[in-house]
Amino acid sequence: MATGTLQGPVRFAHPARMPRRGRLPLLAAVLLLLLSLVFPYWQVTLYAPQYPEGLRARVYLTHVGGDAQEITTLNHYIGMPGLDVAAPLERRLAVPLVLLSAAALLLLAARRLPARRWLQLLLRLPVVLLPAVVLADLAYWLWWMGHTIDPTAPITIEPFMPTILGRGGVMQFSTSATFGVGFFLALAASVLSLYDFARGRARG
């Protein structure tokens, strides 16, 4: 195993020296990461007098599903932008970035890269940071929605920060927000990637 120095001959990890089960954490991380694309990362249920059973919007990396359109219609009355207008660039880039991140983990699992630690860590970073980046991006866009209130809306309210997790509300509306399955899959992929890196450091 190389020591991560920038000098001297480049050394490669040899697949034959690594038991197949030793690659399982990274392969599992790839599978979980790809699966996360088809599940919501965040979901919110909005309760209103006319919807006592609640309207549920599910936010995926690539789109917003569920009752998002109905919630957007209700948001219109208080001048709040709809969920579907948030994060347009992130939704366009989500699939290419996830596929590139998965490819980087596959390269690491194949042990065909220089065994320098900085490179091993660098290729894991997109997967390791994905849950935190998604959470930060979600917080930003919720803040943007709550502070981009149309002053000409039928109902006037003060700017506010929508609830990211847990119960919240404004006027006669209440909400309940939770992470979705996709977020937990991405979080598991992040933990597995870090575990594999830490195990490599322990082996020296």
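Residues numbered from 1 in each chain as written. Predicted model: local features only at pLDDT ≥ 70, side-chain atom pairs only at ≥ 80, totals over all residues. Heavy atoms only, no water.

J.: It is not clear to me how the overall build of the protein chain should be interpreted in this structure. Could you clarify?
T.: A count of helices and strands for the protein chain gives five helices and five strands. Secondary structure of the protein chain in N-to-C order comes out as α-β-β-β-α-α-α-β-β-α. Taken across its 204 residues, the protein chain has 43% of its residues classed as buried. In the protein chain, the proportion of contacts linking residues at least 24 apart, taken out of those at least 6 apart, comes to 67%. (Helix = DSSP H or I, 4+ residues; strand = E, 2+ residues; numbered from the N terminus. Buried < 20%, exposed > 50% of the residue type's maximum accessible area, 1.4 Å probe, protein only. Contact = heavy atoms within 4.5 Å.)

J.: When you look at the side chain of Ser-190 in this model, what are you seeing that I'm missing?
T.: In this fold, Ser-190 is placed in helix α5 (residues 181-203). The buried category is assigned to Ser-190, whose relative accessible area is 6%. Beyond its immediate stretch of four places on either side in the chain, Ser-190 contacts Val-127, Val-128 and Pro-131.

J.: What should I look at first to understand the packing of helix α1 (residues 24-35) against helix α3 (residues 88-110) in this one?
T.: To describe two helices that pack against each other, one gives the angle between their axes and the distance between the axes. In the contact formed by α1 and α3, the axes pass within 9 Å of each other and the chain directions differ by 170 degrees. The orientation of α1 with respect to α3, classified from their angle, is roughly antiparallel. In this structure, α1 contributes Leu-26, Leu-27, Ala-29, Val-30, Leu-33 and Leu-34 to the contact, and α3 contributes Val-98, Leu-99, Ser-101, Ala-102, Leu-105, Leu-106, Leu-108 and Ala-109. Of the residues assigned to the contact of α1 with α3, the class counts are 13 nonpolar, one polar and no charged. (Axes fitted to C-alpha atoms, helices over the stretch in contact; angles between N-to-C directions. Parallel < 35°, antiparallel > 145°, perpendicular 65-115°, else oblique. Nonpolar A, V, L, I, M, F, W, Y, C, P; charged D, E, K, R; others polar.)

J.: Help me out: how do you make sense of the nonpolar core in this one?
T.: Generally speaking, a soluble globular protein has its nonpolar side chains buried in company with each other. Of all hydrophobic cores here, the largest spans 49 residues; its most connected members are Leu-33, Tyr-41, Trp-42, Leu-61 and Leu-105. Among the secondary structure elements, those contributing two or more residues to this core are α1, β1 (42-48), β2 (51-59), α2 (68-78), α3, α4 (117-146), β5 (173-179) and α5. Considering each element in turn, this core owes the most residues, nine residues, to α4. Leu-33 has contacts with Val-98, Ser-101, Ala-102, Val-127, Leu-130 and Ala-189, leaving out every residue within four places of it along the chain. (Core = buried A, V, L, I, M, F, W, Y, C linked by side-chain atoms within 4.5 Å.)

J.: How should α1 be read in this particular structure?
T.: Since there are 3.6 residues in each turn of an α-helix, residues three or four apart along the chain are aligned in direction. For α1, spanning 12 residues, the distance from its first C-alpha to its last is 16 Å, which sits close to the expected 16 Å at 1.5 Å a residue. All of the buried residues along α1 are Pro-25, Leu-26, Ala-29, Val-30, Leu-32 and Leu-33. (Expected span 1.5 Å × (residues − 1).)

J.: Teacher, can you tell me more about the pattern of salt bridges here?
T.: A side chain with one charge can pair with a side chain of the opposite charge if their charged atoms come near. Summed over all chains, the structure comprises two salt bridges. For the salt bridge of Arg-124 with Asp-196, the shortest nitrogen-to-oxygen distance reads 2.2 Å. You can see Arg-124 sitting in helix α4 and its partner Asp-196 sitting in helix α5, a full 72 residues away along the chain. In this pair, the class of Arg-124 matches that of Asp-196, namely buried. (Salt bridge = Lys/Arg side-chain N within 4 Å of Asp/Glu carboxyl O.)

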